[in-house]
Amino acid sequence: DVPGVSVTQTGSRGGTVSIFSRGGGNNHTLVLIDGVRVNRAGGDFDFADFAVNNIDRIEVVKGPGSALYGSDAIGAVIQIFTKKGKGPPTVNLSVAGGSYQTFEENLSLSAGTEGGGYSVGVSKTDSKGFLPINNNYSSLGVSGSLQQKLYDRVDLSLTGNHTDSEFHFPTEF
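In this convention, every chain numbers its residues from 1, walking through the sequence in written order. Reporting in this predicted model follows two pLDDT cut-offs: at least 70 for local features of residues, and 80 or more for side-chain atom pairs to be given and counted; totals over whole chains, interfaces and linings ignore these cut-offs and use all residues. For side-chain calculations, the full set of non-hydrogen atoms in the structure is used, while hydrogens and water are omitted.

Attention now goes to unusual backbone geometry. In this model, Asp34 sits at a positive phi of 50°, which is unusual for a non-glycine residue. As for its position among the elements, Asp34 is in the loop between β3 (29-33) and β4 (36-37). The secondary structure listing takes helices from DSSP runs of H or I that are at least 4 residues long and strands from runs of E that are at least 2 residues long, numbered from the N terminus.

So this is what it looks like as structure tokens:
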């Protein structure tokens, strides 16, 4: 829904997902997760396996940001902020199914106080794909963040993301 930003996916679920901004290449969009650069060498970022169940918000800055972020940010900067734990313990669970034997399960936990908090998300996806031969996809993603106030002006923050996925390229082998 962001004007000037296009998202493309090659093939079925699990195929490469690229973002193009303002007519630039997919290597001209810088992606940051909680302020940490996650683009691969060469500048692109593949969104195919990126779990979204532990995201608080996404900000898109269109236009050249290369003076501040370098040549990866010629077209745009996408800043993804993970959830921060606050309030009483909260558990969210969702299960979805669809065509091509596609199933998604998501679980997230969060809690926090003024002194700190945590948020953890686990996402599992399986799909047979839309092609009849060897087009399976599976993905398991875990993301989390931990915040702790150490002193009056000192905070400790830790963010982690891990995805293990497998995409079968449709061939007879």
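Now that the structure has been shown, we can carry on.
Ordered by their spatial adjacency, five strands build an open sheet running β7-β8-β9-β10-β11, and the pairing between neighbours is antiparallel. Of all strands in the sheet, those with a lone pairing partner are β7 (87-98) and β11 (154-167), marking the two edges. Strand-to-strand, the axes of this sheet are offset by a mean angle of 5°, without reference to chain direction. The pairing of strand β8 (residues 102-113) with strand β9 (residues 116-127) spans 11 bridges and is classified as antiparallel. What sits directly across from Ser108, in β9, is Gly121. Pairs of strands are assigned from DSSP output, requiring at least two bridges between the strands. To obtain an axis, a line is fitted to C-alpha atoms, over the contacting stretch when the element is a helix, and the angle between two such axes runs from 0 to 180 degrees between their N-to-C directions.

A pair is scored as a salt bridge if a Lys or Arg side-chain nitrogen falls within 4 Å of a carboxyl oxygen belonging to Asp or Glu. Per the stated rule, a full pass over the model turns up six salt bridges. Lys84 serves as the salt-bridge partner of Asp34, at 3.6 Å between the closest nitrogen and oxygen. You can see Asp34 sitting in the loop between β3 and β4 and its partner Lys84 sitting in the loop between β6 (76-82) and β7, a full 50 residues away along the chain. Look at Asp34 and you get partly exposed, because its relative accessible area is 21%. Think of it in three bands: with a 1.4 Å probe and only protein chains considered, a residue is buried below 20% of the maximum accessible area for its type, exposed above 50%, and partly exposed in between. Its relative accessible area of 36% is what places Lys84 among the partly exposed residues. Here Asp44 ties to Arg40 by a salt bridge, and the two come within 3.0 Å at their closest N and O atoms. Here Arg40 falls in the partly exposed class, since its relative accessible area comes to 44%. One salt-bridge network, held together by shared partners, links Asp56, Arg57 and Glu59.

A few words now on the layout of surface pockets. The calculated volume of the largest pocket comes to roughly 580 Å³. With four residues, strand β10 (residues 137-151) is the largest single contributor of residues to the lining of the largest pocket. Here the term charged refers only to Asp, Glu, Lys and Arg, the term nonpolar to Ala, Val, Leu, Ile, Met, Phe, Trp, Tyr, Cys and Pro, and the term polar to all other amino acids, Gly among them. When its residues are assigned to classes, the lining of the largest pocket shows 17 nonpolar, seven polar and four charged. With a 1 Å grid laid over protein atoms only, a set of points is called a cavity when a 1.4 Å probe fits there but cannot get out and a pocket when it is open yet has protein on both sides within 12 Å along at least five of seven lines; lining residues have an atom within 4 Å of a point. Grid points are joined across faces, edges and corners, and a volume is the space filled by probe spheres set on the points. Of the volumes computed, that of the second largest pocket is approximately 300 Å³. Together, 17 residues line the second largest pocket, and Ile33, Phe50, Asn161, His162 and Thr163 are the ones closest to its centre.

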